[in-house]
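# Coordinates in review
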Amino acid sequence: MPRPALLYSLVLAGLAAASSALAVPLANNAAQPHPEQVAHPPASVIGNTSDASASLKSSALPAPLCFPSLGFQLPVIEALPVDTSLWWCDPATEYAFVGFSYEVTACQSREQLHKEFRDIRQHFNSRYVRLYGACDREGFYDDIVDAAWANTLGVHALIWFGFDGSDIWISRRDTLLAALHANPLAKFVTRVLQFGSEPLFDNVLPHAQLAEQVALAKANLSSLGIPVTVSELAYGYQERGGAQDVLDAIDSINIHMLPFFSQQASTSDKAWPLVQQDLQFFIDHGNGKKMYFDENGWPSVTSPSVQPNSPDAVADVPNEHGYYVLLDQHCEDLKNVVGGGVGWFAHIYADDQEPGYGIYDSKGKMKFPFAPRTHC
């Protein structure tokens, strides 16, 4: 691995202290039975994005000296700092396109993770992958860490609840927390830990219990400096009276932005007001926290589990492409949102992960040109 620039070495000099502590399992809270939800009702709050300054006070080093900025040079492991206080880039620089959602239900091999993470970084200038789904294979998150580190990618890790109403999320939570503590590189690639996906909308836990889970996870990970969030729709909060306790508990706001499912949806080029109305809810209730669109996209096909709520909503490849063009056109608007701007992920990397949503089709061919801006 190449050595970092001299300035980076001077600032971040120190030896890594590999943590041997294991995560302490959190208190068990049984998941509530629920049916799989396949249609997403629209949010009802309408508004415009904030004009507040995106600048945040930060001690972060500038790009390319901060991880995972484009051009960052990985240090040798022996030269890693003791903690991550000067490791990550300023969240205010993490707006525009930041990376892909990446489904792991297939339990990809380490070799496949390396190959596809390399493509995600080098081909698309991504800075992050946001995990989706779950793989319960022993040591899988270590493979994620290895591939992310080798390809200079940060990870939005995920405690996956699933749709079957079981309490398997509890063991997944404890396994992931243990891996974050045991792997000395984990804190250097794990940007945030998510509870998801859509635990409020899918009725997995009452919002007070979910807020408690967030607080317990934050305490568990405090020594590693890994923040905690919930991956959720605006409507998931709204239908529970706003679930302000969850919004207050999370460190960043990771938003599901899926305007295809709005009752007002038509074509993706007309979706910006739908994006605005969901975003405004988080501007109004998010206390200025950093925001990401993480499960964010427009399908190219419908299926039994992907059905619109509007008769005018169009699912095809031009509209999937058009949605990302729309976000790219509004780069400056997203940059100026309170909290340091909005970074967005494309959901999802390939159609073999979730049919219709991929940038790549099921044969591994790109469905349309995709080179969104990473800054503006």
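Bear in mind that the values here come from a model prediction, so they are computed numbers and not experimental data.

## Regarding the pattern of salt bridges
Throughout the structure, instances matching the rule amount to 13 salt bridges. The partner of Arg172 in a salt bridge is Asp136, and the shortest N-O contact between them spans 3.0 Å. One end of the pair, Arg172, is in helix H4 (residues 168-182); the other, Asp136, is in the loop between strand E2 (128-132) and helix H3 (140-150), and 36 residues separate them in sequence. Arg240 is the partner of Glu239 in a salt bridge, and the nearest nitrogen-oxygen pair spans 2.5 Å. The class of Arg240 is buried, set by a relative accessible area of 18%. Among the charged side chains, a salt-bridge network with shared partners connects Arg110, Arg137, Asp143 and Asp146.

## Some details on the environment of Ser268
Inspection of the secondary structure puts Ser268 in the loop between strand E6 (253-257) and helix H9 (272-285). Look at Ser268 and you get buried, because its relative accessible area is 2%. Along the backbone, Ser268 and Leu326 are 58 residues apart, and their C-alpha atoms lie at a distance of 7.6 Å.

## Quick word on the packing of aromatic side chains
Taken as a whole and assessed by the stated rule, the structure comprises 34 aromatic pairs. Centre to centre, the rings of Tyr237 and Phe281 are 6.2 Å apart; their planes meet at 35°, and the pair counts as tilted. One end of the pair, Tyr237, is in helix H7 (residues 234-238); the other, Phe281, is in helix H9, and 44 residues separate them in sequence. Classification of Phe281 by relative accessible area gives buried; the value is 3%. The ring of Tyr292 carries the charged tip of Lys290 above its face, separated from the ring centre by 5.4 Å.

## Looking at the state of the cysteines
Taken as a whole and judged by the stated rule, the model has three disulfides. The side chain of Cys107 participates in a disulfide bridge whose partner is Cys135; the two sulfur atoms lie 2.1 Å from each other. Its S-S torsion of about 115° marks the bond between Cys107 and Cys135 as right-handed, since a negative value means left-handed. Taken together, the positions of Cys107 in the loop between strand E1 (96-103) and helix H2 (110-122) and Cys135 in the loop between E2 and H3 put the pair 28 residues apart, joining distant regions of the chain. Note on cysteine connectivity: Cys331 is disulfide-linked to Cys376, with sulfurs 2.2 Å apart. Looking along the S-S bond of the Cys331-Cys376 disulfide, the torsion reads about -95°, which is the left-handed sense. Taken as a pair, Cys331 in helix H11 (residues 331-335) and Cys376 in the segment after strand E8 (342-346) lie far apart in primary sequence, 45 residues in all.

What counts as what
Residues numbered from 1 in each chain as written. Predicted model: local features only at pLDDT ≥ 70, side-chain atom pairs only at ≥ 80, totals over all residues. Heavy atoms only, no water. Salt bridge = Lys/Arg side-chain N within 4 Å of Asp/Glu carboxyl O. Helix = DSSP H or I, 4+ residues; strand = E, 2+ residues; numbered from the N terminus. Buried < 20%, exposed > 50% of the residue type's maximum accessible area, 1.4 Å probe, protein only. Phe/Tyr/Trp six-rings, centres within 6.5 Å; stacked < 30°, edge-to-face > 60°. Lys NZ or Arg CZ within 6 Å of the ring centre and 35° of its normal. Disulfide = S-S within 2.5 Å.

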